[in-house]
Every structure is written in C-alpha cells, then in structure tokens.
Amino acid sequence: MAVYGKTALIGTGLVGPQIGVVLAQGSTEVSVFDMNAEAVDRALADMRGYVDELSRHEMLMGGDADEVHGRIGRADSLESAVAGADIVVEAIFENVEAKRVLFRELGEVADPATPLASNTSSIPIRHMAEVCENPERVVGSHFILPAHVLPLVEVIKHPNVDEAVIESVRAGWEQMGKRPIVVNVDIPGFVANRLQHSLTRQAIELLATGIASAEDIDNAVRFGFGTRFVSVGPLGGRDLGGIINHSKVAAYLYKDLDGKGDLGAETLADMAQQGHDGVKTLKGFHDWEGDPAELRDFHYEQMIIQTKRALEIGSVRVKM
C-alpha cells in the first residue's frame, strides 16, 4: 500500500535519484524536476539501475522493479512537478542562496499544506524556512549516501516548524522502510554529519601527522570499532564496555583530540585544489585502480549486505 499519492523530487544531483527511488517505493507517482534537462535524463537512467540493484538483493518495497520504476516521471516545470504533491523533497546542490531562492518559489507554487523537505547535509533548515510562505511546513529530511540503500533519514526541526509536520514526515519515511531520527535543534551538520566529520577530521590529522597510513587508519575502523558500531553505535558501545573504564580513558585522551587546529580542513582544501576527488579521479587519500563507476557499485553492494545485517539486529537496547 502506498504511503503517498504523488510526490515530487526537485534536484537530480548524486543523491537526488537515490531519494527518487525511495519515493517511488512508497508513492503512486514521483514527479522529477531539474532546471537541467540532461541531468534529468541521467537521473532517470540511474534510478533504473538503483531499482534493479535493490530488487536483486530482495530489498525493493512496493512492487517489482518494473512497477516501481514505472511510477517515476519527469516534469517540465516546477509548477507541474509540485502540483498535487503530498510531499516535496528538495535535493539541489549544497548552496544556501540557491536553496533559499528555490524555497521562496516553492512557497509560492506548492499547496500551503504540502510539507517541503530539504535534503541539505549541513545548512540549518531555518535559512530555507524563513524565506518560504507557510514556514511551519518546511522540514529537514537528510538522507545518507547511498540514500536508496542506507536506512537513516534525519528529520530536522527549526524554531517555527509545526510538530505535526515533523511527525507526519517522520512517520512517512518509516513507512517507506527507512529508519528516521528526529533532530530537535537546528544546528549545522545535524547529528550524522557532526559525528561523521568528527571521526573524519581525526582520521585526516592522524594521516597528515604521519601516525599511520591511510589504509591502516581505515582498517582500524573497518576491522575494529566500526563493526561494533553496526550493532550498538558509539554510546551503546560505551555502555557495553562500561562507563567507569571509558571515563578513565576520556580523562586523559579527550583534551588531546582538538589539538591540531584546522589541519583536517586545510588538508582537504589542499587536496581539492590539486583536483584530487577520490574515486571519481582515482586519487584521494588512496590511489584507486579501476573504473570509478564499477568501484562505487562494488562498495554499494557491500553496503547493502551490511545494511541487511544491521536491520536484522534491530534495536540497540533489546535482544531481538
């Protein structure tokens, strides 16, 4: 049974098509719009691949691959995309001014009761809400790459949001098979990216100061506490190991973790300036070999396998 009737996806960058696949599994119709018509063409092709990928792993909801993909269509204007939509999801590039321009327009053309959700990964939701008519219906819905695979969606409040909209959007993602969390305070980066970038900053500093190689730093997570995180997360892991012991470690370690200033950000900026873009250019913290698309597909497949295991584990607090 569909969660929504018509839904609208505005923006077709890297994450947009993946969100479109999520919507297609829980809607009767998904209307896709982007100012760049060629980008929509690429997105529709990508969506077919993502749908087939989920179907191959028996993770597709809402029908078979042809049924789900058949619900996805393109719109020739913003107005036609949002007309009659039960929810609108914005997934354009990460630029606050561009998002504010779009939300100002969405406020004018979308039904006043329609929730408008932003997939921003770091921009406070209030910046979009304050330029939009009926700001109480603006909400954050931050998906994690790859969005069609990983279950997390952050549902983010801002000071003027309607709590009923928060609950409606949260419940909608849950019914579509996602694992939404509610972010109560509209801070930059929300929860997932603040956690992710805190770890990443430390990893970059360890590499930049010669403490360990990139491969060994990644393996410290992959073959160590990263596996534990899948089962219990960082706070549950402290409970599992014991708060008293962790408190002793924290007393002498925590004060040293912020000692490198902006080294992490500066290292990333230097790499970006050199044109190193990771898998896309086969040069990043690692020297990659092979076709970028094939490398990405391989790791997406591995994430599907791990996601299925995490879903089987279920709650942190209750043995299933």
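Below is a summary of the structure that appears in this document. (Residues numbered from 1 in each chain as written. Predicted model: local features only at pLDDT ≥ 70, side-chain atom pairs only at ≥ 80, totals over all residues. Heavy atoms only, no water.)

Let's talk about the overall build of the protein chain
Heads up, the rule is: Secondary structure elements are defined from DSSP: runs of H or I of at least 4 residues count as helices, runs of E of at least 2 residues count as strands, and each element is numbered from the N terminus. It is over C-alpha atoms that the radius of gyration is taken, and the globule rule equals 2.2 Å times the number of residues to the power 0.38. The buried label applies to any residue whose accessible area, calculated with a 1.4 Å probe on protein chains only, is under 20% of its type's maximum; exposed applies above 50%, and partly exposed to all values in between. Residues are treated as being in contact if the distance between any of their heavy atoms lies within 4.5 Å. Note on areas: Shrake-Rupley with a 1.4 Å probe; residue coverage comes only from the protein chains shown. Counted as positive: Lys and Arg. Counted as negative: Asp and Glu. His and the chain ends are not counted at all. Charged side chains are reduced to one point each, which is NZ for Lys, CZ for Arg, CG for Asp and CD for Glu.
For the protein chain, the count of helices and strands is twelve helices and eight strands. Computed over C-alpha atoms, the radius of gyration of the protein chain comes to 21 Å, within 12% of the 20 Å expected from 2.2 N^0.38 for 320 residues, which places it in the range of a compact globule. Counting only C-alpha atoms, the protein chain reaches 55 × 45 × 45 Å along its principal axes. Per-residue burial for the protein chain yields a buried fraction of 41% across its 320 residues. In the protein chain, 65% of the contacts between residues at least 6 apart in sequence involve partners at least 24 apart. As displayed, the protein chain offers around 17,000 Å² of accessible surface, 55% of which is attributable to carbon and sulfur atoms. Measuring between centres, the 30 positive side-chain charges of the protein chain sit 7 Å from its 47 negative side-chain charges.

Description of the sheet that holds strand 5 (residues 116-118)
Just so we agree on the cut-off: DSSP-based pairing: two strands are paired if at least 2 bridges between them are found. Throughout, an axis means a line fitted to C-alpha atoms (over the contacting stretch in the case of helices), and angles, computed between N-to-C directions, take values from 0 to 180 degrees.
Spatially, the eight strands line up as an open sheet ordered 3-2-1-4-5-6-7-8, and their pairing is mixed. Only two strands of the sheet have a single neighbouring strand rather than two, namely strand 3 (72-74) and strand 8 (179-183). When the angles between neighbouring strand axes are averaged without regard to direction, this sheet yields 25°. Looking at chain direction, strand 5 and strand 6 (residues 138-143) are connected through three bridges and run parallel. If you follow S118 over to strand 6, its bridge partner there is G140. Sheet contacts for helix 1 (residues 16-26): strand 1 (4-10), strand 2 (27-33), strand 3, strand 4 (87-90) and strand 6; angle to strand 1, the most-contacted strand, approximately 175°. Those strands touched by helix 2 (residues 37-56) are strand 1, strand 2 and strand 3, and its axis lies near 170° from that of strand 3.

So, the pairing of strand 7 (residues 152-156)
The criterion, for reference: Seen with the strands pointing away from the viewer, any crossover whose path from the first strand over the helix to the second strand runs clockwise is right-handed.
Counting buried positions over the five residues of strand 7 gives four, a clear majority of the element. When strand 6 meets strand 7, the two strands line up antiparallel, connected through four bridges. Counterpart to S141 in the pairing with strand 7 is V155. Summarising the sheet, strand 7 and strand 8 pair through five bridges and their orientation is parallel. The partner of L152 across the bridge, within strand 8, is R179. For the crossover that starts at strand 7, traverses helix 7 (residues 163-175) and ends in the parallel strand 8, the hand is right-handed.

Observations regarding the packing of aromatic side chains
Test applied: The pairing test for Phe, Tyr and Trp rings, Trp by its six-membered ring, is centres within 6.5 Å, and the orientation test on the planes gives stacked under 30 degrees, edge-to-face over 60, and tilted for anything in between.
This model, assessed by the stated rule, comprises two aromatic pairs. Ring geometry for F143 versus W173: centroids 5.0 Å apart, planes at 85°, classification edge-to-face. In this pair, F143 sits in strand 6 while W173 sits in helix 7, placing the two residues 30 residues apart along the sequence.

Comments concerning the pattern of salt bridges
Inclusion rule: The term salt bridge refers to a side-chain nitrogen of Lys or Arg lying within 4 Å of a carboxyl oxygen of Asp or Glu.
If you walk through the whole model with that rule in mind, you get 14 salt bridges. If you follow the salt bridges from partner to partner, you end up with R48, D52 and D66 in one network.

Side note on the pairing of strand 1
Counted residue by residue, strand 1 has six buried out of seven residues, so it is predominantly covered. As defined by bridge partners, strand 1 adjoins strand 2 across six bridges and the pair is classed as parallel. The residue bridging A8 from the neighbouring strand is S31, located in strand 2. In terms of handedness, the path from strand 1 via helix 1 over to strand 2 forms a crossover that is right-handed. For strand 1 and strand 4, the ladder comprises four bridges, and the chain directions are parallel.

Thoughts on the side chain of T12
Applied cut-off: We call two N or O atoms a polar contact when they sit within 3.5 Å, provided that within protein one can donate a hydrogen and the other can accept it, with sequence-adjacent residues counted only if both atoms are side-chain atoms.
Among the structural elements, T12 can be located in the loop between strand 1 and helix 1. Side chain to side chain, T12 and D34 meet in a polar contact 3.0 Å long.

Details of the environment of P234
For P234, the location among the structural elements is in helix 9 (residues 214-241). Each C-alpha atom of the pair P234 and V149 lies 21 Å from the other, and the pair is 85 residues apart in sequence.

Here's the deal with unusual backbone geometry
Excluding glycine, a negative phi dihedral is what most residues carry, and trans is how most peptide bonds are arranged. A cis geometry characterises the amide bond from L145 onward to P146, with omega recorded as -5°. Relative to the assigned elements, P146 resides in the loop between strand 6 and strand 7. Backbone geometry at N134 places phi at a positive 55°, although glycine is not the residue there. Relative to the assigned elements, N134 resides in the loop between helix 6 (126-129) and strand 6. Residue N134 is classed as partly exposed on the basis of its relative accessible area, which comes to 27%. At L282, a residue that is not glycine, the phi angle is positive and equals roughly 65°. By the element assignment, L282 lies in the loop between helix 11 (263-273) and helix 12 (292-313).

Bear in mind that shape data such as this cannot, by itself, settle questions of function.
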